Amino acid sequence: MVALVIAAAAVTLVLLLSLVVMYNRFVRQRTLVDESWGGIDVELTRRHDLIPNLVETVRGYAAHEQALLQQLVVAREAATAHSRDQPAQRESYEDTLGGAIASVLVRAEAYPDLKAHHGFLQLQRELTLTEDRIAAARRFYNGNVRGYNTRVRTFPSNLVAGMFGFTARDFFELHDPAARAAPQI
């Protein structure tokens, strides 16, 4: 009888320790997902901040491209207005902004003076670096989300996730091929 009580206590202790370990791992992974989303947000905000400089630089050389520049400004304002949204809700605004940036850079090719302007060249470099950092941050975030979501959905950790309200997270994907690629220089 004593051996049965000791065995039951040992099994209960192992189960409780497993529960604590799984819970703590969920918390660590959720924190990592949140931190990696912060990395994407920083780079997207940096891209948003570069847009006014790009608009002003291009406006001086391509005054008759006002519609294209206005489209870029509107896309930036929409993306900025939704900067607190969850990744899935934010994707379309960032896709639109990326497409607008690519359109402006493509149209800039028609203006040799603009292409040679030091400020424009610097903005192109900054935008390219920023797009590269967004892509890297997106890969890091999506990798963390994949690991977290796998844990949320697999047995037995899905039992712990359900008990403590850990839910799957959204990936951050850009659907517009122009927005996926860094601007070509």
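Just so it is clear, the model here is predicted, and its values are computed rather than measured. (Residues numbered from 1 in each chain as written. Predicted model: local features only at pLDDT ≥ 70, side-chain atom pairs only at ≥ 80, totals over all residues. Heavy atoms only, no water.)

Visitor: Quick question: what am I supposed to make of the packing of aromatic side chains here?
Guide: Two descriptors summarise a pair of aromatic rings, namely the distance from one centre to the other and the angle between the planes of the rings. Tallying each qualifying case throughout the model produces six aromatic pairs. Measuring from ring centre to ring centre gives 5.1 Å for Trp37 and Phe172, while their planes differ by 75°; the resulting arrangement is edge-to-face. Within this pair, whereas Trp37 is found in helix 1 (residues 2-61), its partner Phe172 is found in the loop between helix 6 (157-164) and helix 7 (177-180), the two being separated by 135 residues in sequence. Here the guanidinium or amino end of Arg169 rests over the ring plane of Tyr148, the centre of that ring lying 5.9 Å away. (Phe/Tyr/Trp six-rings, centres within 6.5 Å; stacked < 30°, edge-to-face > 60°. Helix = DSSP H or I, 4+ residues; strand = E, 2+ residues; numbered from the N terminus. Lys NZ or Arg CZ within 6 Å of the ring centre and 35° of its normal.)

Visitor: Explanation requested: helix 6 in the structure shown.
Guide: Helical geometry: 3.6 residues make up each α-helical turn, so side chains three or four residues apart lie on a common side. Regarding helix 6, the residues found buried are Ser157, Val160 and Ala161. For helix 6, the angular spread of buried residues about the axis comes to 100°, placing them on one side. Opposite the buried face of helix 6, by more than 90 degrees, sit the exposed residues Gly162 and Met163. For helix 6, the elements touching its buried residues are helix 1 and helix 5 (118-153). Within two residues after helix 6, Gly165 carries a phi angle of roughly 75°, on the positive side. (Buried < 20%, exposed > 50% of the residue type's maximum accessible area, 1.4 Å probe, protein only. Arc of directions from axis to C-beta. Contact = heavy atoms within 4.5 Å.)

Visitor: Would you take a moment to explain the nonpolar core for this structure?
Guide: Judged by nonpolar contacts, the single largest core of 22 residues is most densely connected at Leu54, Val58, Leu72, Leu97, Ile101, Val104 and Phe120. Elements supplying a minimum of two residues to this core: helix 1, helix 2 (66-81), helix 3 (87-108) and helix 5. No other element matches helix 3, which puts six residues into this core. The residues contacting Leu97, other than those within four sequence positions of it, are Arg47, His48, Ile51, Leu72, Ala75, Arg76 and Ala79. Listed in part, the 16 residues of the second largest apolar core include Tyr141, Val145, Val160 and Leu174. (Core = buried A, V, L, I, M, F, W, Y, C linked by side-chain atoms within 4.5 Å.)

Visitor: Help me understand a nonpolar patch on the surface in this model?
Guide: A cluster of nonpolar side chains, Met1, Leu4 and Val5, forms an exposed patch at the surface whose accessible area comes to about 390 Å². In this structure, Met1 sits in the segment before helix 1. What makes Met1 exposed here is its relative accessible area of 77%. (Patch = residues over 30% accessible without salt bridge, like charges linked within 9 Å, V, L, I, M, F, W, Y side chains within 5 Å. Areas by Shrake-Rupley, 256 points an atom, 1.4 Å probe, with all protein chains shown as cover. Salt bridge = Lys/Arg side-chain N within 4 Å of Asp/Glu carboxyl O.)

Visitor: I keep staring at the packing of helix 1 against helix 2 and nothing clicks. Help me out?
Guide: When two helices pack together, their arrangement is given by the angle between their axes and by how far apart the axes lie. Look at helix 1 against helix 2: their axes get within 10 Å of each other, and the N-to-C directions meet at 170°. Considering their axes alone, helix 1 and helix 2 lie roughly antiparallel with respect to each other. Judged by residue contacts, His48, Asp49, Ile51, Pro52, Leu54, Val55, Val58 and Arg59 of helix 1 engage Gln66, Leu69, Leu72, Val73, Arg76, Ala79 and Thr80 from helix 2. In terms of residue class, the contact of helix 1 with helix 2 is built from nine nonpolar, three polar and three charged. (Axes fitted to C-alpha atoms, helices over the stretch in contact; angles between N-to-C directions. Parallel < 35°, antiparallel > 145°, perpendicular 65-115°, else oblique. Nonpolar A, V, L, I, M, F, W, Y, C, P; charged D, E, K, R; others polar.)

Visitor: Sorry, what's going on with the environment of Ile134 here?
Guide: Among the secondary structure elements, Ile134 is positioned in helix 5. For Ile134 and Asp49, which are 85 residues apart along the polypeptide, the C-alpha to C-alpha distance reads 14 Å. Those residues in contact with Ile134 that lie beyond four places of it in its chain are Glu43, Leu44 and Arg47.

Visitor: Looking at this structure, I do not really get the pattern of salt bridges. What am I missing?
Guide: Inspection of every chain in the model, using the stated rule, returns eight salt bridges. Residue Glu43 is joined to Arg133 by a salt bridge in which the shortest nitrogen-to-oxygen separation is 3.0 Å. You can see Glu43 sitting in helix 1 and its partner Arg133 sitting in helix 5, a full 90 residues away along the chain. A residue is classified by how much of its surface remains accessible, and Glu43, at 13% relative accessible area, is buried. Arg133 sits in the partly exposed class, given a relative accessible area of 34%. Close ionic contact of Arg47 with Glu94 constitutes a salt bridge, the shortest N to O distance being 2.5 Å. Of this pair, Arg47 sits in helix 1 while Glu94 sits in helix 3, and the two are 47 residues apart along the sequence. As far as burial versus exposure is concerned, Arg47 and Glu94 are alike and both buried. Bridged by salt links that share partners, the residues Asp41, Arg47, Arg90, Glu94 and Glu131 form one connected network.

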